[in-house]
Amino acid sequence: MSKKKNEFRPDDFVVYPAHGVGKIVSIEEQEVAGMSLELFVISFEKDKMTLRVPTHKATEAGLRSLSSPDVVAHAMKTLKGKAKVKKAMWSRRAQEYEQKINSGDLIAIAEVVRDLHRADDQREQSYSERQLYEAALERLIREIAAVSGSDETAAAREIDGVLVSRAAAA
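Everything numeric in this text was worked out from a predicted model, so none of it was measured.

Cut-offs applied
Residues numbered from 1 in each chain as written. Predicted model: local features only at pLDDT ≥ 70, side-chain atom pairs only at ≥ 80, totals over all residues. Heavy atoms only, no water. Buried < 20%, exposed > 50% of the residue type's maximum accessible area, 1.4 Å probe, protein only. Helix = DSSP H or I, 4+ residues; strand = E, 2+ residues; numbered from the N terminus. Contact = heavy atoms within 4.5 Å. Polar contact = N/O pair within 3.5 Å; in protein donor to acceptor, adjacent residues only side chain to side chain. UniProt positions renumbered as here; feature names shortened; annotations may be inferred. Core = buried A, V, L, I, M, F, W, Y, C linked by side-chain atoms within 4.5 Å. Phe/Tyr/Trp six-rings, centres within 6.5 Å; stacked < 30°, edge-to-face > 60°.

Glancing now at helix H3 (residues 106-116). Among the 11 residues of H3, 10 are classified as buried, and the element is accordingly described as predominantly covered. Every buried residue belonging to H3 is among Leu106, Ile107, Ala108, Ile109, Ala110, Val112, Val113, Arg114, Asp115 and Leu116, and all of these are buried. The inward-facing, buried residues of H3 abut strand E5 (64-65), helix H1 (69-80), helix H2 (90-103), helix H4 (127-148) and helix H5 (152-169). The backbone nitrogen of Ile107 has a side-chain oxygen 2.9 Å away, supplied by the residue at the start of H3, namely Asp105.

Take a look at the structure:
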């Protein structure tokens with residue numbers, strides 16, 4: 001299996017499944033249990049958090065580059081689709097939504113946003129629906145902003161525009 005030494009470099013934006021978009025600030029050596037380990041130091045500014053991921057485990061851990069513009073376009077198209085809400089119990093659905101959000105897969109995250117979005121005239125979201133919706137929406141906004149090089153406000157407006165037009169068409 002041939003693999004480039006490191007596919008990520010300092011200043012690269014990356015996506016870590018459980019935390020969303022972060023930025024590699026450096027690659028450092030650290031001694032752990034008498035062994036020297038090379039680590040990516042990833043900063044998640046919004047969450048005021050720094051994560052260290054061993055470089056040799058990065059791909060295994062799900063660390064990936066930002067989505068391509070094609071994937072972003074697909075995610076936006078997904079938002080336009082009709083919500084697919086299963087008839088399963090909420091606890092089961094909530095678990096599935098949580099898994100999709102933490103998968104780091106932009107399309108899966110867009111599905112959660114689409115399925116949990118409520119237009120103003122629809123019934124209120126429960127507290128847990130709202131929490132999941134906001135978590136998915138935030139991940140989507142951050143990655144779309146990072147890919148397009150725009151700020152999060154512009155990305156949020158773009159997503160909101162799609163969701164509102166979808167609700168109006170329904």
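Turning to the UniProt feature "domain: CarD-like/TRCF RNAP-interacting" (unreviewed entry) in the chain, a few remarks are in order. Those residues carrying the UniProt feature "domain: CarD-like/TRCF RNAP-interacting" (unreviewed entry) are residues 7-117 in this numbering. The span residues 7-117 is 33% helix and 32% strand, and its two end C-alpha atoms sit 36 Å from each other.

We now examine the nonpolar core. Ranked by size, the top nonpolar core spans 26 residues in total, and within it Met76, Leu79, Val113, Leu140, Ile144 and Ile159 carry the most contacts. Counting only elements with at least two residues in this core, the list comes to H1, H2, H3, H4 and H5. Ignoring sequence-local partners within four residues, the contact set of Val113 consists of Leu79, Tyr133, Ala136, Leu137, Leu140 and Leu163. Counting 11 residues, the second-largest nonpolar core is a separate cluster that includes Phe8, Ile42, Val53 and Ala58.

What follows covers the packing of aromatic side chains. The full count for this structure, using the stated rule, is 2 aromatic pairs. Judged by centre distance (5.7 Å) and plane angle (75°), the ring pair of Phe8 and Phe40 falls under edge-to-face. Of this pair, Phe8 sits in the segment before strand E1 (13-16) while Phe40 sits in strand E3 (residues 35-44), and the two are 32 residues apart along the sequence. With relative accessibility at 1%, the residue Phe40 sits in the buried group.

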